[in-house]
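# Descriptive analysis of the structure
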Amino acid sequence: SHPILTATVTSHRSVVLSTPPVVMSSKHQKGPDLKRFMDKKLKLSLNGNRKVVGTLRGYDAFLNVVLENAESEKEGNALGTIVIRGNSIIQFETLERIAKPEA
């Protein structure tokens, strides 16, 4: 079984990704909980010192994400709707205020 990434909110604008030290084997492993970030404008830091800004439209258990109206932060190139593999993502940062998680 492969370790899964978890997303931890460190402030109202940043999320740190980490791998849990032990992954229990189960039939239904839970993926990242990014519901609060849906339809919000995000800045993603990717490997290779790349940064992409766009609106989160979808994600899966592997942290693959779909961004709409995406653009490269460095070059300012419009990329449109893109899919980014989860293993390329280093950090999420919201560019809009998000609701606090319900306890």
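Look up: the structure comes first, before these words.
Residues numbered from 1 in each chain as written. Predicted model: local features only at pLDDT ≥ 70, side-chain atom pairs only at ≥ 80, totals over all residues. Heavy atoms only, no water.

This part is about the environment of lysine 51. Relative to the helices and strands, lysine 51 is located in strand E4 (residues 50-59). Given the relative accessible area of 31%, lysine 51 is considered partly exposed. The sequence separation of lysine 51 and phenylalanine 92 amounts to 41 residues, and the corresponding C-alpha distance is 9.9 Å. Ignoring any residue separated from it by four or fewer positions in sequence, one finds lysine 51 in contact with Lys43, Leu44, Ser45, Glu71, Ser72 and Glu73. There is a polar contact of 3.4 Å between the side chain of lysine 51 and the side chain of serine 45. (Helix = DSSP H or I, 4+ residues; strand = E, 2+ residues; numbered from the N terminus. Buried < 20%, exposed > 50% of the residue type's maximum accessible area, 1.4 Å probe, protein only. Contact = heavy atoms within 4.5 Å. Polar contact = N/O pair within 3.5 Å; in protein donor to acceptor, adjacent residues only side chain to side chain.)

For the coordinates displayed, the defined rule picks out three salt bridges. Across the pair lysine 43 and glutamate 73 runs a salt bridge whose closest N-O atoms are separated by 3.5 Å. Residue lysine 43 is found in strand E3 (residues 41-46), and its partner glutamate 73 is found in the loop between strand E5 (65-72) and strand E6 (78-84); the two are separated by 30 residues along the sequence. In this structure lysine 43 comes out as buried when scored by relative accessible area, which is 18%. Glutamate 73 gets classed as partly exposed once you look at its relative accessible area, which sits at 38%. (Salt bridge = Lys/Arg side-chain N within 4 Å of Asp/Glu carboxyl O.)

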